[in-house]
Amino acid sequence: MTKIRDEHVRIPESDLEGVSVDTLAVRAGQIRTEQLEHSDAIFPTSSFVYGSAAQAAARFGGDEPGNIYSRFTNPTVQAFEARIAAMEGGERAVATASGMAAILSTCMALLQSGDHVVCSRGVFGTTNVLFQKYLARFGVETTFVGLTDLDGWAAAIRPETRMLFLETPSNPLCEVADLEALAELSHRNDALFVVDNCFCTPVLQRPFELGADIVIHSATKYLDGQGRCVGGVVVGSDKLMEEVYGFLRSAGPTLSPFNAWVFLKGLETLPIRMRAHCANALELARWLEQHPSVGKVFYAGLETHPQHELAARQQKGFGGVVSFQVKGEREAAWRVIDATQIISITANLGDVKTTITHPATTTHGRLSPEDKERAGITENLIRVSVGLEDIDDLKADLSRGLDALGQ
Ligand SMILES: *Cc1c(COP(=O)(O)O)cnc(C)c1O
């Protein structure tokens, strides 16, 4: 008899066959110890012990499955991985210390010197830096193209192109990429199609159903949704994820069990939160559109949005991020931001608390004036990540500055 009991009761996957993403968000991947706890257990431990020297040898030799060290595997992290893999409809997920670690690990595991990447121009600023500054140093070149410019994507492809990478909807202008068309283009050219699904989450968009090979998340945003932890995850086939896992195990940017536990709790309310974010965002976008101090409003849920129909087909909701131009310049935008009393002035997004940002001087401040212009990051642009406060209170908070502009 072994001295230590370390098997856990995993709730059988077969019990969850055919259930909806809402049920998976609450139930998938849970392990239960012999204590039969109802909530998810947390295992804050760096390493694991063995019942005997022979068992240790079997674990290390790979003859016996089980945990060795939390840089390799940890039960809480595995529960989070199993849940998000089920929700995305991917074979396997690998959790990482941050969203950036997820992107880095994917690239390090699946690209090599001489490879070429095509990436959408509007990606998260740090993603841009990672490709342009760091991956370039290791011989991976990246060409940036307009997210919605299908001809541009096709024209950028070279014989050595190994990956197409994008985010949709884009930040901050809410442009929407045609995932099916770009998956087809990727596969015709033997390139991996990688989608950063951070803005939609699997509740609103399931890129594997449209041909993606890999789905990436910053769990820091909606998956947690309550601003507590930094983390990330990569999802894909067993074959591809084995490579990503191998890199992670060797390089070390793994997710901590505590953060994984927080994300498990976050996922339980993700479906209901996403629907509430979408409802609030749509109402705010409609209200902004008719406000006399507001110019253009960028939100794919508006019928006036150029990719509205594509978004309606591809997504189950239009997401929680709304951007708009105020009438005036930087000074006017800053006045609206500074007049808010409830909304948080912060660059973070995907939170139950509404946040407001001036992209031109914060998230996109590093871009050159030409790049800003090309990306549509004007001085009068404001981005709001719409949270779950009462929508009338949010309108009132934005009205403080907006109403004053007209005077
Ligand atoms: C925040 C973000 C990231 C980076 O995630 P971190 O968890 O901050 O490392 C990547 N992609 C998108 C779309 C993001 O919003």
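Residues numbered from 1 in each chain as written. Predicted model: local features only at pLDDT ≥ 70, side-chain atom pairs only at ≥ 80, totals over all residues. Heavy atoms only, no water.

- With an unreviewed UniProt entry as reference, the chain is termed O-succinylhomoserine sulfhydrylase, source organism Marinobacter nanhaiticus D15-8W.
- As recorded by UniProt, the Cofactor (unreviewed entry) comment attached to the chain reads in full: "pyridoxal 5'-phosphate". (UniProt positions renumbered as here; feature names shortened; annotations may be inferred.)

## Comments concerning the overall build of the chain
Okay, so step 1: Along the backbone of the chain there are 15 helices and 14 strands.
Okay, so step 2: For a compact globule of 407 residues, the expected C-alpha radius of gyration is about 22 Å, and the chain comes in at 22 Å, within 12% of that figure.
Okay, so step 3: Judged by the C-alpha coordinates and their principal axes, the chain covers about 80 × 50 × 35 Å.
Okay, so step 4: The buried share of the chain, taken over its 407 residues, is 55%.
Okay, so step 5: Within the chain, counting contacts between residues at least 6 apart in sequence, those at least 24 apart form 71% of the total. (Helix = DSSP H or I, 4+ residues; strand = E, 2+ residues; numbered from the N terminus. Rg over C-alpha atoms; globule rule 2.2 N^0.38 Å. Buried < 20%, exposed > 50% of the residue type's maximum accessible area, 1.4 Å probe, protein only. Contact = heavy atoms within 4.5 Å.)

## Some words on the pairing of strand 9 (residues 232–236)
Okay, so step 1: The element strand 9 is extensively covered by neighbouring structure, given that five of its five residues are classed as buried.
Okay, so step 2: The alternating pattern of strand 9 places Gly 232, Val 234 and Gly 236 on one face and Val 233 and Val 235 on the opposite face, and all of these are buried.
Okay, so step 3: Inspection of the sheet shows strand 3 (residues 92–96) paired to strand 9 by five bridges, in the antiparallel sense. Bridge assignment links Val 94 to a residue of strand 9, and that residue is Val 234.
Okay, so step 4: Sheet topology note: the strand 8 (residues 214–218)/strand 9 ladder contains five bridges and is antiparallel. By the bridge assignment for strand 9, Ser 218 is matched with Gly 232. (Pairing = 2+ DSSP bridges.)

## Focus: helix 5 (residues 125–137)
Okay, so step 1: Taking 1.5 Å per residue, 13 residues should reach 18 Å; helix 5 reaches 18 Å between its end C-alpha atoms and fits that length.
Okay, so step 2: Where helix 5 bends most, the angle comes to about 30°, and this point is Phe 131.
Okay, so step 3: For helix 5, the full list of buried residues reads Thr 127, Asn 128, Leu 130, Phe 131 and Leu 135.
Okay, so step 4: Lining the buried residues of helix 5 we find helix 4 (99–110), strand 4 (116–120), strand 5 (141–145) and strand 6 (161–167).
Okay, so step 5: Of the residues flanking the end of helix 5, it is Gly 139, one or two places downstream, whose phi is positive at about 85°. (Expected span 1.5 Å × (residues − 1). Bend = angle between axes of the 7 residues up to and from the residue.)

## A word on the side chain of Ser 399
Okay, so step 1: In this fold, Ser 399 is placed in helix 15 (residues 391–405).
Okay, so step 2: For Ser 399, the contacting residues outside a window of four places in its chain are Trp 287 and Ala 404.

## So, the domain arrangement of the chain
Okay, so step 1: When cut into domains, the chain gives domain 1 (9–268) and domain 2 (271–405).
Okay, so step 2: Here domain 1 and domain 2 have C-alpha centroids that lie 28 Å from each other.
Okay, so step 3: Taken together, the contact pairs 36 residues of domain 1 with 36 residues of domain 2.
Okay, so step 4: In total, domain 1 and domain 2 occlude about 3,000 Å² of area from one another, counting both sides; carbon and sulfur atoms represent 58% of this. (Domains from an automatic or database assignment. Buried area = accessible area lost by both parts, 1.4 Å probe.)

## Some details on the site of the ligand
Okay, so step 1: Inspection of the region around the ligand gives 13 residues, with Gly 99, Asp 196, Ser 218, Thr 220 and Lys 221 positioned closest.
Okay, so step 2: At 2.8 Å, a side-chain N or O of Ser 218 approaches an oxygen atom of the ligand.
Okay, so step 3: Here Lys 221 contributes a side-chain N or O atom positioned 2.6 Å from an oxygen atom of the ligand.
Okay, so step 4: When isolated, the ligand has an accessible area of 380 Å², and the protein chains bury 91% of it. (Near = heavy atom within 4 Å. Polar contact = N/O pair within 3.5 Å; in protein donor to acceptor, adjacent residues only side chain to side chain. Areas by Shrake-Rupley, 256 points an atom, 1.4 Å probe, with all protein chains shown as cover.)

## Some remarks on the packing of aromatic side chains
Okay, so step 1: One pass over the structure, following the stated rule, counts six aromatic pairs.
Okay, so step 2: Ring geometry for Tyr 69 and Phe 72: centres 5.7 Å apart, planes at 75°, overall edge-to-face.
Okay, so step 3: Lys 221 extends its terminal NZ or CZ atom over the ring of Phe 124, reaching a point 4.8 Å from the ring centre.
Okay, so step 4: In this arrangement the basic side chain of Arg 249 is found over the ring face of Phe 72, its NZ or CZ atom lying 3.7 Å from the centre. (Phe/Tyr/Trp six-rings, centres within 6.5 Å; stacked < 30°, edge-to-face > 60°. Lys NZ or Arg CZ within 6 Å of the ring centre and 35° of its normal.)

## As for helix 4
Okay, so step 1: Helix length check: helix 4 (twelve residues) gives 17 Å between terminal C-alpha atoms against 16 Å at 1.5 Å per residue, within 8%.
Okay, so step 2: Along helix 4, the positions that sit buried rather than exposed are Gly 99, Ala 101, Ala 102, Ile 103, Ser 105, Thr 106, Cys 107, Ala 109 and Leu 110.
Okay, so step 3: The N-terminus of helix 4 is capped by Ser 98, whose side-chain oxygen sits 3.4 Å from the backbone nitrogen of Met 100.

## With respect to the nonpolar core
Across soluble globular proteins, you tend to see nonpolar side chains buried next to one another.
Okay, so step 1: Judged by nonpolar contacts, the single largest core of 58 residues is most densely connected at Phe 80, Trp 153, Leu 166 and Phe 193.
Okay, so step 2: Shared between two domains, this core takes at least three residues from each, and those domains are domain 1 (9–268) and domain 2 (271–405).
Okay, so step 3: Contact partners of Trp 153, with chain neighbours within four places excluded, come to Val 118, Cys 119, Ser 120, Val 145, Gly 146, Leu 147, Leu 164, Phe 165, Leu 166, Leu 182 and Leu 185.
Okay, so step 4: Residues Ala 102, Cys 107, Leu 110 and Tyr 245 belong to the second largest nonpolar core, which totals 30 residues. (Core = buried A, V, L, I, M, F, W, Y, C linked by side-chain atoms within 4.5 Å.)

## Some points on the UniProt feature "modified residue: N6-(pyridoxal phosphate)lysine" (unreviewed entry) in the chain
Okay, so step 1: In this numbering, the UniProt entry assigns the feature "modified residue: N6-(pyridoxal phosphate)lysine" (unreviewed entry) to Lys 221.
Okay, so step 2: Position of Lys 221 relative to the elements: it lies in the loop between strand 8 and strand 9.

## Quick notes on the pattern of salt bridges
Okay, so step 1: Under the counting rule described, the total for this entry stands at 18 salt bridges.
Okay, so step 2: A salt bridge links Glu 64 to Arg 59, with the shortest nitrogen-to-oxygen separation between them at 3.0 Å.
Okay, so step 3: Residue class for Arg 59 comes out buried when judged on its relative accessible area of 6%.
Okay, so step 4: Taken together, the shared-partner salt bridges connect Asp 40, Arg 83, Lys 265 and Glu 268 into one network. (Salt bridge = Lys/Arg side-chain N within 4 Å of Asp/Glu carboxyl O.)

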